[in-house]
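# A closer look at the structure
Spelled out, the chains give:
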Amino acid sequence: MALAVSRDAQIAALYEKLHHRAAILAGLTPGSHSHAGIQAECDAIHAEIRRLQSTTSISPKAVLITVGVLLLIIWSALH
C-alpha cells in the first residue's frame, strides 16, 4: 500500500463522491433541510477539488533522484 495517495487519486475520489452526492441532491426537495445540507457538502467537496487542482505536487521518487544527483555532484566536486 502506498504511503501517500496521489493528488490525482484524491481528485478522482472526490469527483466520485461529488457525483454520488449530486445524485442524492437531485431527488430532494429544494429548500428542505436535507437539500441544504447536501448542497453545502457538495460545495465543500467542489472547493476541495479546486484546491487540489491548484496545487502542484512533486513525487517522492523525483525528490530522491534529485537528492542523489546533488550528492553525486557534491562528491565529485570534493574529490
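Look up: the structure comes first, before these words.
The structure reproduced in this document is the subject of the present report.

Basis of the calculations
Residues numbered from 1 in each chain as written. Predicted model: local features only at pLDDT ≥ 70, side-chain atom pairs only at ≥ 80, totals over all residues. Heavy atoms only, no water. Helix = DSSP H or I, 4+ residues; strand = E, 2+ residues; numbered from the N terminus. Rg over C-alpha atoms; globule rule 2.2 N^0.38 Å. Buried < 20%, exposed > 50% of the residue type's maximum accessible area, 1.4 Å probe, protein only. Contact = heavy atoms within 4.5 Å. Patch = residues over 30% accessible without salt bridge, like charges linked within 9 Å, V, L, I, M, F, W, Y side chains within 5 Å. Areas by Shrake-Rupley, 256 points an atom, 1.4 Å probe, with all protein chains shown as cover. Salt bridge = Lys/Arg side-chain N within 4 Å of Asp/Glu carboxyl O. Core = buried A, V, L, I, M, F, W, Y, C linked by side-chain atoms within 4.5 Å. Axes fitted to C-alpha atoms, helices over the stretch in contact; angles between N-to-C directions. Parallel < 35°, antiparallel > 145°, perpendicular 65-115°, else oblique. Left-handed = near helix turned anticlockwise from the far one by under 90°. Nonpolar A, V, L, I, M, F, W, Y, C, P; charged D, E, K, R; others polar.

## A look at the overall build of the chain
When helices and strands are tallied, the chain shows three helices and zero strands. Reading the secondary structure of the chain in the N-to-C direction produces α-α-α. The C-alpha radius of gyration computed for the chain amounts to 21 Å, which surpasses the reference 12 Å derived for 79 residues by more than 25%, pointing to a less compact arrangement than a globule. In terms of overall dimensions, the chain has C-alpha extents of about 75 × 25 × 15 Å along its principal axes. The 79 residues of the chain split such that 14% are buried. Considering only residue pairs separated by 6 or more positions, the chain has 62% of its internal contacts joining residues 24 or more positions apart.

## Focus on a nonpolar patch on the surface
A grouping of Ile58, Val63, Val67, Leu71, Ile74 and Leu78 is seen on the molecular surface, where their side chains present a nonpolar patch of about 610 Å² in accessible area. For Ile74, the position within the fold is in helix 3 (residues 60-78). A relative accessible area of 49% places Ile74 in the partly exposed class.

## Observations concerning the nonpolar core
Membership of the largest hydrophobic core is limited to nine residues, which are Ile11, Leu14, Leu18, Leu25, Ile38, Cys42, Ile45, Ile49 and Leu52. Listed by contribution, the elements that provide at least two residues to this core are helix 1 (7-26) and helix 2 (33-54). Considering every element that reaches this core, the biggest residue donor is helix 2, with five residues. Ignoring any residue separated from it by four or fewer positions in sequence, one finds Leu52 in contact with Arg7, Gln10, Ile11 and Leu14.

## Side note on the packing of helix 1 against helix 2
For the pair helix 1 and helix 2, interaxial distance at closest approach is 9 Å and the crossing angle is 160°. One finds that helix 1 runs roughly antiparallel with respect to helix 2. Seen from above, helix 1 lies across helix 2 with left-handed handedness. For the pair helix 1 and helix 2, contact is made by Arg7, Gln10, Ile11, Leu14, Tyr15, Lys17, Leu18, Arg21, Ala22, Ile24 and Leu25 and by His35, Ile38, Gln39, Glu41, Cys42, Ile45, His46, Glu48, Ile49, Leu52 and Gln53, respectively. Class assignment for the residues of the contact of helix 1 with helix 2 results in 12 nonpolar, five polar and five charged.

In short, geometric facts, not functional conclusions.
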